[in-house]
Amino acid sequence: QVQPVDSGGGLVQAGGSLRLSCAASGRTFSNYVMGWFRQAPGKEREFVARITPSGIPYYADSVKGRFTISRDNAKNTVFLQMNSLKPEDTAVYYCAARAVSRTEYGFWGQGTQVTVSS
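Residues numbered from 1 in each chain as written. Predicted model: local features only at pLDDT ≥ 70, side-chain atom pairs only at ≥ 80, totals over all residues. Heavy atoms only, no water.

Asks: Please set out the pattern of salt bridges residue by residue, giving values where relevant.
Replies: Enumeration according to the criterion identifies 4 salt bridges in this entry. Across the pair E46 and R38 runs a salt bridge whose closest N-O atoms are separated by 2.5 Å. Accessibility expressed as a relative area gives 35% for E46, which makes it partly exposed. For R38, a relative accessible area of 5% gives the class buried. With a shortest N-O distance of 2.7 Å, R66 and D89 are connected by a salt bridge. Taken as a pair, R66 in the loop between β6 (57-59) and β7 (67-72) and D89 in the loop between β8 (77-82) and β9 (91-99) lie far apart in primary sequence, 23 residues in all. Take R66: its relative accessible area is 10%, and that puts it in the buried class. By sharing partners, the salt bridges in this structure join R38, E46, R66 and D89 into a single network. (Salt bridge = Lys/Arg side-chain N within 4 Å of Asp/Glu carboxyl O. Buried < 20%, exposed > 50% of the residue type's maximum accessible area, 1.4 Å probe, protein only. Helix = DSSP H or I, 4+ residues; strand = E, 2+ residues; numbered from the N terminus.)

Asks: I'd love a proper account of the environment of T68, names of residues and values included.
Replies: Note that T68 resides in strand β7. Note on T68: relative accessible area 41%, which makes it partly exposed. Along the sequence, T68 and C22 sit 46 residues apart, while their C-alpha atoms lie 14 Å from each other. Setting aside chain neighbours within four positions, we find T68 in contact with Y59, F79, L80 and Q81. (Contact = heavy atoms within 4.5 Å.)

Asks: Provide a residue-level description of the nonpolar core, including the pertinent values.
Replies: Counting residues in hydrophobic clusters, the biggest one holds 30 residues, and the most contacted among them are M34, W36, L80, M82 and Y93. Elements supplying a minimum of two residues to this core: β3 (18-25), β4 (32-39), β5 (46-51), β7, β8, β9 and β11 (112-117). (Core = buried A, V, L, I, M, F, W, Y, C linked by side-chain atoms within 4.5 Å.)

Take a look at the structure:
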C-alpha cells in the first residue's frame, strides 16, 4: 500500500506557475500508477494527469502542453509542474495511486488548494 500526501498549492496570478508535490509512504511506490485529479467548486472531480511506474505520462486535453507530471521513484515522490495557469485551473488538487493491475485509484491524498486569479 501507499499513502499519498500532497502539497504545494497556493495563490498565483493567471499565467503563473506552481509545482505540486506528492510524497507517498510505502515500499512499493515504484509499482503504482500515480495520478493527479482536481475538483473545482460545484463540479465533479476530474482527471488531470497520470504517470506509469516506468515514467510514461498521460494528460487531460485541458492541461496538455501546460502541465508536466514526473516521478522520482527513489524518493517516493510525484510532481505536477503547472505552467501558464488559468483561472479555470482553480480547484483542489488530489494525488492518487493505483496498482498497475487495477483501474480505480484506491489511495488518495488530502488535497491541496490551487487558486488562480485573473
